[in-house]
Each structure stands twice: as structure tokens, then as C-alpha cells.
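# Structural features, examined
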Amino acid sequence: MEKAVAADVESVDRHSSLPPALLDRVASKSDKRLQELGYKSEFRRDMSLFGVLGISFCAIGILTGMSSAFQTGLFSGGPLGLFWGWNICSLFMLLIALSLAEICSAYPTMGGLYFWVCKMKPELPMLGFCTGWIYSIAMTFTGTSGNLSVALYLASLAEVGQGRTLSRVEVAAIAWGVNIASGIINTVGTKAIGGMSTFNLWWTLGGTLVLVITLLVKAPVKNSAAFVFTDYENFTGWQSRGFVVLLGFLQAVYTLEGCETAAQVAEEAKRAEILAPLAVVGSIVGSWFIGLAYMLALLFSVQSIASVQGTSYAIPIAQLYYDAVGPRLTLMCLTVVALAQFMAAVTAFTASSRLFYALARDNAFPLKGRYMALNRYQAPYWGVWTSVLIGCVISCAYIGSAVAFNAILSSAAIAVMLSYLQPIIIRVFWPSTSLTDRGPFSLGRWSWSVNFASFLFTVFICVLFILPTAHPTDALNMNYAIVAIGAVLVLVGACWTLWGRFRFRGPVKTVAENTPAAVEDEKGSV
């Protein structure tokens, strides 16, 4: 399998320098597969390997996820929980990526998780409908979370640089502006997103290098290896050492979610059946090692965990930077992470808008004509601006209650894992009938074992995400994620009961078999 995949990737890279006529021949192979799945090609295939890989890297946002959630692991298990939790979770997230990549190679469409569930279990349209809605909500909430994080990084820059603390209203106003900027970039279309994701790939690599060197060179005190690999910290109030360390796993899982986003642009990529699954797996592998390097630099450089825990800065990681490298370099570090966070949030809206398009195409979303409309930049602009509108509305919750806002957004992380769970469950319990058409990326005889391990880990994480993270529990520190995800599930169930079950029957073919276009493509590929 590896040789065949490598050969195809070399072929794509080699073709990328050829004239447009030959590039069209390469793209026609993916268009032919899309027609076999019942869909007419509506998007230009402008994305290369680096563009598709960059989309997943953007969505994972290794610098941003690690920086924004670092304190979660630092206070729940300390360096010991962070280091070992990162490597354990990275291994299992890689198994999940392999499971999803195998399905993606067989069904390279922008519906992603939703389409895979529909295709593998067509007799249960409710399962596909609910997966699509849950995942679209998760992506919209993820983009909203990312845009608020950008606002919080900007607030921290103001605190460090000017000594000015922004109010919640000011932070929310900045988040609205970032939401709108995300919408504008997504409205420009595939080339803009592909270029941005490629840039983000190099920005992440270069930014990580700069941050690691800055932290290790400028930190006045370097921690010992014993501290980095064995020190245990507990600010949760729980007495069980094992449970506290497990709570720290949430930081790693939260950071590594998003590898499947490459599937959302599969219909905009050359040789999608090769590049999309490679991007799904490659983004996790790259993030594992890039994140490990960044984490080790943070752990060797942290001057006082208590100082980070008691910080007044909008983003706790700002206190770690400030203690380690001083105010001027802290501004540089926050800028590097803030820009990466913005690109990650843009990518989440890319995924949600493509998913709205895919759901509308199959009568699983209202206003079909509008959500399938493309502008002159080949962008599904109705889906883009629906995501922006939802993001702005949810950002208003931050003004009234940070607890309520965090509960809404924490449900996004659980919703993503629940969306992963649906296709993996089908592959575990119906292994012989669920994937009859194998793509070029196949796990072979290891397929069921990988899927089963992924299934166990995903269920475990979904349970862990809703458990209380502090003790004793009160109204301010309670984990409201169970309430938020419950509301999402009730909403999706109501949409199916009141509307979806009357309209949705599964994927709708937009191209008939043996159409002139299909015949022409077949001749062109001979």
C-alpha cells in the first residue's frame, strides 16, 4: 500500500508543474470517482498536497491548541501528565486518523464523516443525518471558539504591552470582527483557503522553531529532566492521582482534533482519494512531533506553575511567556500564536460551510438552493455567512457569562469525538459489509484491530469530557459540557423528528449513470 500511495503522490507532485491541459487530466480521475459516488463535480480542483495537508494542520492548530489549553494539563497532573498524556493520546489519535483515512480514500467527498456514515449504513438514514448535523454544529462552534481565542490573545497583547485590561464587551467586539474577517477570507474561495493553509503549514513549523529557541535560550532558570518527566501537580481538588492525570488527557485530545478536515475539501483537491487520506494521517503525525517539541520547551522553561495558575492575563500561557522571556519577547510569542489561531478558526468555517453545502445537496438541510449556491470564487457563501452569524451570536454569551460560553464551546470538542465515533462503530460491528469499495489507502488485515482500538479510546474520551474537573463542585467550576452536549443532541433529534425524517433519504445523486460527461471522462482517462 505504501509504495502505491507514494507513487501516486509523486505523480501528483510531478503533474503540478505540467500545463493546465494535463492537470485537468489528473483532476478528471478524481472527478470520475466522484461521479461514481453519484455527484457532479462543482468545484475547481485547485488544491495540491500541501494545500490539503495545510487544511488539516490549520484545523488541528498545534501551536494554538497547545497554548490555549496548556494550563488544563499543567493544573491536572502537571508535567508528568502533560508529557505522558500527550504521547499516549497522540498514539490513539493516530489510530483514529488511520481509521478515518481508510474510509476517506474510498469516499473522497466534502460530506466527510456524514457521507461516510450514509454510504456505509444506508438503511439507517437517521444516523447519517444526525452525524452531519452534530459535526456541522461542532465545526461552527470550533470556529467560534478559535475566533474568541484570537480576541483573548489580542487582549493579552494589550495587557502585556500597554497594561490595559479589556472588558468582556471589548473582547466580544473583537471576536465579532475576527468572525467577520474569517467569513471574508472564506468568501474569496478555494485558492485563498488553499494558499492560507499552505502558508499556515510553514508558519507552524517556523513559529514552533522560533518559540522553542526563544524559550530555551531566554528562560532564566531551566527545569531539570526529573521535573519535566516526573513532577506531579494537582490544582483540581480531587485526591485520586490517576483520575487527575486522566483529566490532563483532555488537553491533548482537544489539541489534536481536526485531522478529518481534509475530507471537507476533497472535492477541491487533485487526486483526492490519495491526498485527502494522506493529509488526515500526516497532520496527526506532524502535530505529534511538533507539539512534543513545543511542549518540552514550555515545560523546561516554566518558572512557576503557581504564577500561571494565579495569572490575571486573558490567556494563562501569556504568564508563562512573561515569566520566561520578559515582556518584549512575550509580545512576539503571543503574535506568532495569535496568527496561527486565526488561520485555524478560518479553516473551521471552511469545513462548516462545505458541510452545509453537502447536507443541502442531499436534502438534509433547509434552503437547498441557497446553501448550494457558489459565488464567482467557488465559495458556498451562504454556509460561510451562516457560520459567521452563529459565531457572532454565541460570542454575545461571553459578555453575560464566561461559564456559559465555555460550556457551549466545550460541547464542540465532545461533538467532534461523537462524530468520529459513528463511522468507526460501523466499521467495528459491520466490518465486512460497511466498506465494500476500498480506496488506494487501505489498512488491510489490520483494519478491524485499528478500528476497535479507536472505538474504545473514543468512547473513553467522550465519557472523560463530561466528568467534573474540580472538587468540590459548585456553580462556577461545574463542568456544564454534559448540559451543552445534551442540548445539541436534543436539537438535532428534534430537527430529525420534525423535519429530517420527511425529507432525507440518504445521499442524492446529482449526476446520472452513463451521462455524456461521465462517458467523456471515461474516454479521457483511457
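Residues numbered from 1 in each chain as written. Predicted model: local features only at pLDDT ≥ 70, side-chain atom pairs only at ≥ 80, totals over all residues. Heavy atoms only, no water.

### Side note on the overall build of the protein
Formally: Elements are defined by DSSP. Helices are runs of H or I of four residues or more, strands are runs of E of two residues or more, and each kind is numbered from the N terminus. C-alpha atoms define the radius of gyration, and 2.2 Å times the number of residues to the power 0.38 defines the globule rule. For the exposure calls, accessible area comes from a 1.4 Å probe over protein chains only, and a residue counts as buried if that area is under 20% of its type's maximum, exposed if over 50%, partly exposed in between.
Helices and strands together make up the secondary structure of the protein, namely 20 helices and zero strands. Computed over the C-alpha atoms, the radius of gyration of the protein is 22 Å, within 12% of the 24 Å expected from 2.2 N^0.38 for a compact globule of 526 residues. Summarising its shape, the C-alpha atoms of the protein cover approximately 70 × 50 × 45 Å along the three principal directions. Within the protein, the fraction of its 526 residues that count as buried is 59%.

### Quick look at the environment of Ser90
Using the following cut-off: Throughout, a contact is declared for two residues whenever any of their heavy atoms are within 4.5 Å.
Position of Ser90 relative to the elements: it lies in helix α5 (residues 78–106). Here Ser90 falls in the buried class, since its relative accessible area comes to 0%. Once you skip the residues sitting within four places of it in the chain, Ser90 turns out to touch Leu256, Ile284 and Trp288.

### Description of the side chain of Asp362
Formally: We treat Lys and Arg as the positive residues and Asp and Glu as the negative residues; His and chain ends play no part in the count. Salt bridge, as used here: a side-chain nitrogen of Lys or Arg that lies within 4 Å of a carboxyl oxygen of Asp or Glu.
One can find Asp362 in the loop between α14 (317–361) and α15 (368–371). Despite its burial, Asp362 pairs with no opposite charge, the nearest such side chain being Arg361 at 4.6 Å. Each residue touching Asp362, except ones within four places of it in the same chain, is listed here: Tyr39, Tyr114, Phe504, Gly506, Pro507 and Val508.

### Thoughts on the packing of helix α3 (residues 49–60) against α14
Heads up, the rule is: As a rule, the C-alpha atoms of each element are fitted with a line to give its axis, helices using only the stretch in contact, and angles between N-to-C directions run from 0 to 180 degrees. Note that the term roughly parallel is reserved for angles under 35 degrees, roughly antiparallel for angles over 145, roughly perpendicular for angles of 65 to 115, and oblique for everything else. Take the far helix as the reference: if the near one is turned anticlockwise from it by less than a right angle, the crossing is left-handed, and if turned clockwise, right-handed.
The geometry of α3 relative to α14 is characterised by a closest axis approach of 7 Å and an angle of 110° between their N-to-C directions. Taken together, α3 and α14 sit at an angle that is classed as roughly perpendicular. Here the hand of the crossing between α3 and α14 comes out left-handed. Contact residues: Ile55, Cys58 and Ala59 in α3; Met343, Ala344 and Thr347 in α14.

### Looking at the pattern of salt bridges
Opposite charge on two side chains lets them pair, provided their charged atoms get close. With the rule as written, the count across this model stands at seven salt bridges. Arg427 is paired through a salt bridge with Glu102; the nearest N and O atoms lie 3.6 Å apart. Remark: Glu102 occurs in helix α5 and Arg427 occurs in helix α17 (residues 402–429); sequence separation between them is 325 residues. For Arg164, the salt bridge identified is with Glu170, shortest N-O distance 2.6 Å. Classification of Arg164 by relative accessible area gives partly exposed; the value is 40%. Taking the relative accessible area as the measure of exposure, Glu170 reaches 29% and is therefore partly exposed. Salt bridges sharing partners connect three or more residues here, namely Glu102, Arg427 and Arg438.

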